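# Remarks on the overall topology
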Amino acid sequence: MPDFTSSTADIDGYVPFPDERCEQYLADGYWQNLTFHDVLDRVADQQPDRTAVIGPLRELTYGELQTRTQHLARRLVDDLGLEEGDMVVFQLPNCSEFIEAFFACSRVGVVPVMLLPRHRQAEATHVTNLTDAKAILTAGDRYQMGFDHIGLIEDIEDDCETLEHKIAISDADVPEGWVAFDSLCEPSDSEVLGSFEVNPCNPGVMLLSGGTTGMPKGIPRTHNDYVFQWEYMAEVSEVEDDWVAFPSVPIGHNASLNCIVGASFWAGATVAVEPNLKPESLMALIEAVGGNYTLPIPTQLIDILEHPNLEEYDLSSLEVVVSGGQKVRPKAVYEFVERWGVGFENIFGMAEGPLICTRPDDDIDVQAHTVGRPIAPDADEVRIVDERRESDAPAGEAGELCVRGPGFFTGYFRHEEENAENFDDQGWFYTEDVLKLNEEGNYEVFGRMKDTIIRGGENIYAPGIEDVIIEHESVQNVAVIGMPDERLGERPCAFVELEPGIDEFTLEELSSFLEDQGIAVFKHPERLEVVREIPRTEVGKIAKISLEEQITQTLQDEGKLPADY
Ligand code: AMP
């Protein structure tokens, strides 16, 4: 086995870790030169009978998963002709096949690209072309996804020149021109795997940035930097090898792949998967498998807490609940901790790398109101910088989070412009998120820089106002955005979903509530839109960009904004 100490990836548009940083992280022991499949094999070689994956249709031990992924890896090369560095787009529900295919790709240096089940033609075409993907692996009829994913790929394939193979997970015969996933799992004694020495300093997976602004960007993560985070996440969450962990959001999202699946495989635990991510399915899964560890997004926490049949489910097996991706409502933290006695990790996470979270045994007030500390405080380099990105913000003041280290990516894939804008020449990545380090040494999140509404020169942090409005008894959900204004530039506008049974809520009520809470008048929303549902991104986060488009259109229709604004 060669002793890799730097990237050997020959992928156009990929920004590797500089050699000296690879060497340093290896020398410091932060990187252990383990590939994804090495992590699986370590457990499989020692404890092959331990359960690796449960469900939804089969249960696999670590030994069985090891063997199946070896067969599949051989066929990716022998039957499909895939080569090291090739990309394969995954668009799959949470199922055991996802995990099998993920580790199989790792064995032969093929890079899975994490399209999400709710992405559609535009994103699928963009991502396939961005990565020059040779194959797409998608859901056939095995899991009822309520959407024709095979049809989606057939619609886009003429626009995707590099695409050679379409693979479907299907029980029915696959359509002509498609490869059945099961046929690639047939045993194979080819010797081909012997010729692969996958370099852990090379990309092992391509994550995608959240879709709140335009098309997703490619976020390559190396085996080394990702496995580093699996290890630290497992340690921070105190994952035990007899735990059952389960992804509550799509596995293709970093929250699940890194913090739940990766951390569990690192610890030799079991991962239970369920394609349907509705609260009742997740609660049924927890009860059925005795689920201990998961990462739902904040909306899912609320959906569980407010579920009409909550009492019918036994969720007492929960040990650690992680939540983040958007601001977690303190109330949800208190309720989860008080009801089920869980260790709560309030997490600030980005597919680009930063994972900052509270620890299971932190004080509940810390868990409810802060996102704690970086998962690897000694290794993660974290700064809060001023608006001009010129120097560190004064201690205790909010500023832009800026990171570098063994667990953070080194550049968006084929996106020179974005990289030039958000990386400096020392390799620091500027996240565009506003955080502050408080006196107790815990980080607090204020939102995206773009979440700052600038009203006639006054800065208003939208999430700060949202936190107050959500406490109103009539409000179930809220998003505050800047609506364009000719005179002031922007004015705050609140989109609100009302609690069930509430039919009316007025701007006057909102303003007097905010006044009672001591919120400065210039921060009060000047328009209220009561909506049935606030639009969401593929993983369920509030899609502020759609709201901005919507309000701009409304203002133009009402003649309050010029048509060409
Ligand atoms: P993603 O692209 O899905 O990885 O989302 C990353 C973004 O989600 C970050 O850049 C933040 O803007 C946001 N985010 C993540 N965690 C939190 C949190 N705990 N509170 C507020 N925003 C968050």
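A brief look at the structure comes next. Note that the structure is a prediction, hence the values are computed from the model and not measured.

With that settled, the discussion passes to the pattern of salt bridges. All told, the structure shown has 32 salt bridges when counted by the stated rule. Between Glu-100 and Arg-68 there is a salt bridge, with its nearest N and O atoms 2.9 Å apart. One end of the pair, Glu-100, is in helix α4 (residues 96-107); the other, Arg-68, is in helix α3 (residues 62-78), and 32 residues separate them in sequence. Via salt bridges that share partners, Arg-58, Arg-68, Glu-97, Glu-100, Arg-142, Asp-171 and Asp-182 belong to a single interconnected network.

A few words on the sheet that holds strand β20 (residues 443-448). The four strands lie next to each other as β17-β18-β19-β20, forming an open sheet whose pairing is antiparallel. Each edge of the open sheet carries a strand with a single partner, namely β17 (381-385) and β20. Within the sheet, the average angular offset between the axes of one strand and its neighbour, ignoring direction, is 45 degrees. With five bridges joining them, strand β19 (residues 429-437) and β20 adopt antiparallel strand pairing. Each bridged residue has a counterpart across the sheet, and for Leu-437 the counterpart in β20 is Tyr-443.

A few words on the sheet that holds strand β15 (residues 355-357). Across a sheet, strands are paired by hydrogen bonds formed along the backbone, either parallel or antiparallel in direction. Here we have nine strands laid out as an open sheet, ordered β2-β1-β11-β10-β12-β13-β14-β15-β16, and mixed in their pairing. Two strands close off the open sheet at either side, each with one partner strand: β2 (59-61) and β16 (373-374). For strand β14 (residues 343-349) and β15, the ladder comprises three bridges, and the chain directions are antiparallel. Bridge pairing links Ile-347 to Cys-357 in β15. Sitting on the sheet, helix α10 (residues 279-289) is in contact with β1 (51-54), β10 (244-246) and β11 (270-272), with an inclination near 170 degrees to β10.

Inspection of the region around the ligand gives 15 residues, with Ile-347, Ala-351, Asp-433, Arg-448 and Lys-541 positioned closest. Contact distances for the ligand include 3.0 Å between an oxygen atom and a side-chain N or O atom of His-253. One of the backbone nitrogen or oxygen atoms of Ala-351 is found 2.9 Å away from an oxygen atom of the ligand. Calculation on the ligand without its partners gives an accessible area of 500 Å², and the protein chains cover 89% of this total. Listed by contribution, the elements that provide at least two residues to the shell around the ligand are β14 and β20. For the shell around the ligand, the element with the most residues is β14, which contributes three residues. For the shell around the ligand, a count of residues per class yields six nonpolar, five polar and four charged.

Definitions and limits used
- Residues numbered from 1 in each chain as written.
- Predicted model: local features only at pLDDT ≥ 70, side-chain atom pairs only at ≥ 80, totals over all residues.
- Heavy atoms only, no water.
- Salt bridge = Lys/Arg side-chain N within 4 Å of Asp/Glu carboxyl O.
- Helix = DSSP H or I, 4+ residues; strand = E, 2+ residues; numbered from the N terminus.
- Pairing = 2+ DSSP bridges.
- Axes fitted to C-alpha atoms, helices over the stretch in contact; angles between N-to-C directions.
- Contact = heavy atoms within 4.5 Å.
- Near = heavy atom within 4 Å.
- Polar contact = N/O pair within 3.5 Å; in protein donor to acceptor, adjacent residues only side chain to side chain.
- Areas by Shrake-Rupley, 256 points an atom, 1.4 Å probe, with all protein chains shown as cover.
- Nonpolar A, V, L, I, M, F, W, Y, C, P; charged D, E, K, R; others polar.

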